[in-house]
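# Working through the structure, step by step
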Amino acid sequence: MLRPSVGRSVRCTLLLKPVRPRLVSCDKLPQHRYPGNIRNATTAADVWRSIPLFHRTLASGLIAIAAVGLGLGLYQYYTLPKSPYPESVTKHLRKALYYEGSGKDLKAAVTEFLAALEEATRLGLDQTSDDMTGLKIKIASVYEASNRPESALRIYAGLLNELQAALQPSLPVSERRRLLRRALGTAVRAGDIAMGLGNQHQAEKCYAWALESMLLEFGRTSPRSAETGVATGTRAGERWLEWSAEGGIYEAAANMYLHTGRPALAMPLYLKALDALAGELGSPEAVNAHSLTLLNSIASAVSEQGRANEELQIRALQWASKARSAALTVPVASDDFVGKAELDRARCIAAFNLAKISDALGRDTDARDYYKEAAFKAKVLVGKGDSGVAEVLHLATEAVQRLTANPTIELA
């Protein structure tokens, strides 16, 4: 063995012979049991167990939800709903319902609904049957949901024309009433959309036809006076039309007349709507949130008939006061969010009506207090997303500033 001398530089070179690597099969690699670290996991089960328990639970939940959603979607597509239509129509309806519900694709849903309607028409299905009219109403409602009111109005108007043509005097009573019920609802919906689009002429045409047709049918079935033979106008227990539908027709027509500057025509219809609501509730003394809406509408109709007529304004003030007083006692279930929203708005409108009428009567102090109350309630509702009372907030705030010595007011 050579030892380098001190002070001498020695260079040692190590020569290595290249070695060809040898392949080793996987089954000969050492197998480690899973010790809790993902790096040492060798199977899918080990990888899964390496994930923390919380993340495993979350992942399991998400997988389960996805599986259930997919299963329900497929189940709905292939089996739901049980259809009264031929299979060639049903296949389009299944796709339409899938797109409308699970897929949230309203454009594709409309396309499939229209394809179903076209196929049903080609097969010769009765256009005025409940199945076919229901399909057309469904198409119109999807158009409404798609923010296409013009298309919805076209469907409703076309259906109304078909139903009106089918309402022949020679029909059996049950068939006539079936068609009439569907036609009345279609006419009111078409009128509502037409009003929203500013087409007052078409709206009035729809409402007037619905009102006249309903009253004519009541005249055929109501008892007649033994002396004159004229219909007395009572319902005689006939329930071919629900109270809510009857009241809805009166109210829709009244709203149209009031908004087009004809309050004298609106007021008696509001009173009829109030009577129908009492019939629905089972007692003339019973009230609910919608009762307050009608009372407010009656107060507005009376007041609008003569802004300079003190007698009319006092009568309007009485109706508005009745609405405000009833609002304190109307029962609303805690889970009835629709009823509660209508009640809150009715209270706001009642205060605003009292303010306007008091203002017209020259009662400045009362008017200012009611305007303040209305402005406060409207501000709360607007803050909750109710844009329908935004105008009330604006008008009431301006009125308070006009009637108070200090124009700066605090509404909150």
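Structure: see above.
Read on for a plain summary of the structure. (Residues numbered from 1 in each chain as written. Predicted model: local features only at pLDDT ≥ 70, side-chain atom pairs only at ≥ 80, totals over all residues. Heavy atoms only, no water.)

### What to know about the packing of aromatic side chains
For the coordinates displayed, the defined rule picks out three aromatic pairs. Measuring from centroid to centroid gives 6.0 Å for phenylalanine 352 and tyrosine 371, while their planes differ by 65 degrees, and the two rings are edge-to-face. Highlighted residues: phenylalanine 352 in helix α13 (residues 337–360) and tyrosine 371 in helix α14 (residues 364–383), separated in sequence by 19 residues. Of the two residues examined, phenylalanine 352 and tyrosine 371, each falls in the buried class. (Phe/Tyr/Trp six-rings, centres within 6.5 Å; stacked < 30°, edge-to-face > 60°. Helix = DSSP H or I, 4+ residues; strand = E, 2+ residues; numbered from the N terminus. Buried < 20%, exposed > 50% of the residue type's maximum accessible area, 1.4 Å probe, protein only.)

### Here we look at the pattern of salt bridges
One pass over the structure, following the stated rule, counts 18 salt bridges. Across the pair glutamate 162 and lysine 136 runs a salt bridge whose closest N-O atoms are separated by 2.6 Å. Of this pair, glutamate 162 sits in helix α6 (residues 149–166) while lysine 136 sits in helix α5 (residues 130–145); the two residues are 26 residues apart in sequence, bridging distant segments of the chain. Judged by relative accessible area, which is 31%, glutamate 162 ranks as partly exposed. Here arginine 345 ties to aspartate 386 by a salt bridge, and the two come within 2.4 Å at their closest N and O atoms. Of this pair, arginine 345 sits in helix α13 while aspartate 386 sits in the loop between α14 and α15 (390–403); the two residues are 41 residues apart in sequence, bridging distant segments of the chain. Judged by relative accessible area, arginine 345 falls into the partly exposed class, the value being 34%. Judged by its relative accessible area of 17%, aspartate 386 is buried. Within the structure, one salt-bridge network assembled from shared partners comprises Arg176, Arg177, Glu217 and Arg220. (Salt bridge = Lys/Arg side-chain N within 4 Å of Asp/Glu carboxyl O.)

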